[in-house]
Amino acid sequence: MRLEQLAAAAANFAAESPLNRVPSLGGLQIFDPPLMGVAAPDDPLFARLKEPAAIGPHHLSPHEWLPAAGAVVSYFLPFTAAVRHANRQPGLPAAEWLYGRFEGEMFNDALRRHLADLLAQAGHQALVPVLEPRFAVVERRSNWSERHVAHIAGLGTFSLNCSLITTRGAAGRLGSLVTSLALEPTPRPYTGTHEYCTNCGACIGRCPPAAIDGNGKRHQPCSDYLDAVKIRFQPRYGCGKCQTAVPCEDRIPGR
Ligand code: SF4
Ligand code: SF4
C-alpha cells in the first residue's frame, strides 16, 4: 500500500461518509478531502518534542506507541468554504462551525479508524495514538500532538495563534496514525517552525477574549472562553475566529 492509496481512500471516505454531513443544516458538508503527509518514525524532530521547551518528556515517540513503527501518517482535514465563511462573522461561533468542531471530530475519529482498518486488512500493524487508552493530556499538553506530528510530516508550520498553517490554510482539523508499513517520508518544504505565518496580526483583533497579541496566544483565556461557549451551546463548543476571515484561513498567506 502506498501513500497515494491511503490519500485516495481518505478522500472517498470524506465524500461518502454520512458523518461528514449535517442533516439539520441542509446536508452541510463539513470537510473537504484531506491533505496527507508521512513522517519517518525516527525523525530527530520527534526526540525534540520531549524537550520541556517543546512539549515535554511525556510526549511519546512513534516507537513508544508502536515498537514496529515504519511510518507516521498525518493528515489535515480542511473545513469546507460553507463552514469557514459562516464563521467569518465576529463574536459567537457560527452554528456551522460548532457542528464542524463537534460532529466533525466524530467524523475525524471515524476516518482515523477507517485508515487503521485498511492498513490492518493489508497485513500491517496500525495504531491511532489519540484513541488509545494511553493517550493523556498533562497540563494542557498531550502525549501525542497532532499539530507537531503534522509539522514533522511536512504538512505545515505553526502560526501566531498556535494553529498549523497548511497549503489549505489553518481552518481545519488534524489526525494521524502510526503504522508498521514503511512509507517514504514527505519532504518538508520549510525550514522554520513559523515560516508560513506573516505576523500580519489579523487574528489578534478577531479573538473575542483578546487571548492573542504580538507575542502569541495565551492559552488560559482561550480555554476559559471555549468553556463558556460550551456552557451556552453544549454539547457543542468551538470558536475558530482566529482561523476565519484572516489571510491564513484557507491558504498560505501571501501566496
Ligand atoms: S492572521 Fe496573520 S498573524 Fe495571524 S496566524 Fe494568520 S498569518 Fe499569522
Ligand atoms: S479559538 Fe477563539 S478564543 Fe481561542 S485564540 Fe482563537 S479566536 Fe481566541
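Refer to the preceding data block for the structure.
Keep in mind that this is a model prediction, so the values were computed, not measured.

Visitor: Can you lay out the site of ligand 2 for me, pointing to particular residues and giving the numbers?
Guide: The environment of ligand 2 is formed by Cys-207, Pro-208, Pro-209, Ile-212, Lys-217, Cys-222, Tyr-225, Cys-239, Gly-240, Lys-241 and Cys-242. Per-class residue counts for the shell around ligand 2 are eight nonpolar, one polar and two charged.

Visitor: Tell me what's going on with the site of ligand 1, and back it up with residues and numbers.
Guide: By nearness alone, 14 residues border ligand 1, and Cys-197, Cys-200, Gly-201, Cys-203 and Cys-248 come closest of all. Comparing atom positions with the cavity grids shows ligand 1 to sit within the largest cavity. Here the residues of the shell around ligand 1 sort into nine nonpolar, five polar and no charged.

Visitor: Could you give an account of the pairing of strand 4 (residues 71–78), naming the residues involved and the relevant values?
Guide: Counting buried residues along strand 4, eight of its eight residues qualify, which places the element largely inside the surrounding structure. Residues of strand 4 alternate between two faces, with Ala-71, Val-73, Tyr-75 and Leu-77 on one and Val-72, Ser-74, Phe-76 and Pro-78 on the opposite face, all of them buried. The pairing of strand 3 (residues 35–39) with strand 4 spans five bridges and is antiparallel. Pairing of Val-38 across the sheet is with Val-73, part of strand 4.

Visitor: Can you explain the pattern of salt bridges? Please cite residues and give values.
Guide: Tallied over the entire structure, the rule returns 13 salt bridges. The residue Asp-32 makes a salt bridge to Arg-168 at a minimum N-O spacing of 3.0 Å. Of this pair, Asp-32 sits in the loop between strand 2 (28–29) and strand 3 while Arg-168 sits in the loop between strand 9 (164–165) and strand 10 (172–179), placing them 136 residues apart in sequence. By relative accessible area, Arg-168 is classed as partly exposed at 26%. Glu-105 is the salt-bridge partner of Arg-112, the closest N and O atoms lying 2.9 Å from each other. Each member of the pair, Arg-112 as well as Glu-105, is classed as buried.

Visitor: Just give me the short version of the side chain of Arg-236, but keep the residues and values in it.
Guide: Within the element layout of this structure, Arg-236 appears in the segment after helix 7 (219–233). Classification of Arg-236 by relative accessible area gives buried; the value is 18%. Among the polar contacts made by the side chain of Arg-236, one reaches the side chain of Glu-103 at a distance of 2.6 Å. Those residues in contact with Arg-236, other than ones at most four positions away along the chain, are Leu-98, Tyr-99, Phe-102, Glu-103, Val-229 and Lys-230.

Visitor: Give me the lowdown on empty space enclosed by the protein, citing residues and values where you can.
Guide: Enumeration according to the criterion identifies one cavity of 30 Å³ or more in this entry. Within this model, the largest cavity holds a volume of roughly 100 Å³. Taken together, 15 residues make up the lining of the largest cavity; nearest its centre are Cys-197, Thr-198, Cys-200, Cys-203 and Cys-248. Split by residue class, the lining of the largest cavity holds 10 nonpolar, five polar and no charged.

Rules used throughout
- Residues numbered from 1 in each chain as written.
- Chains lettered and ligands numbered in written order.
- Predicted model: local features only at pLDDT ≥ 70, side-chain atom pairs only at ≥ 80, totals over all residues.
- Heavy atoms only, no water.
- Near = heavy atom within 4 Å.
- Nonpolar A, V, L, I, M, F, W, Y, C, P; charged D, E, K, R; others polar.
- 1 Å grid on protein atoms, 1.4 Å probe; cavity = no way out; pocket = protein on both sides within 12 Å on 5 of 7 lines; lining within 4 Å.
- Sits in = over half its atoms within 2 Å of the grid points.
- Buried < 20%, exposed > 50% of the residue type's maximum accessible area, 1.4 Å probe, protein only.
- Helix = DSSP H or I, 4+ residues; strand = E, 2+ residues; numbered from the N terminus.
- Pairing = 2+ DSSP bridges.
- Salt bridge = Lys/Arg side-chain N within 4 Å of Asp/Glu carboxyl O.
- Polar contact = N/O pair within 3.5 Å; in protein donor to acceptor, adjacent residues only side chain to side chain.
- Contact = heavy atoms within 4.5 Å.
- Points joined across faces, edges and corners; volume = space filled by probe spheres on them.

In short, the description is geometric, and any link to function would need to be established separately.
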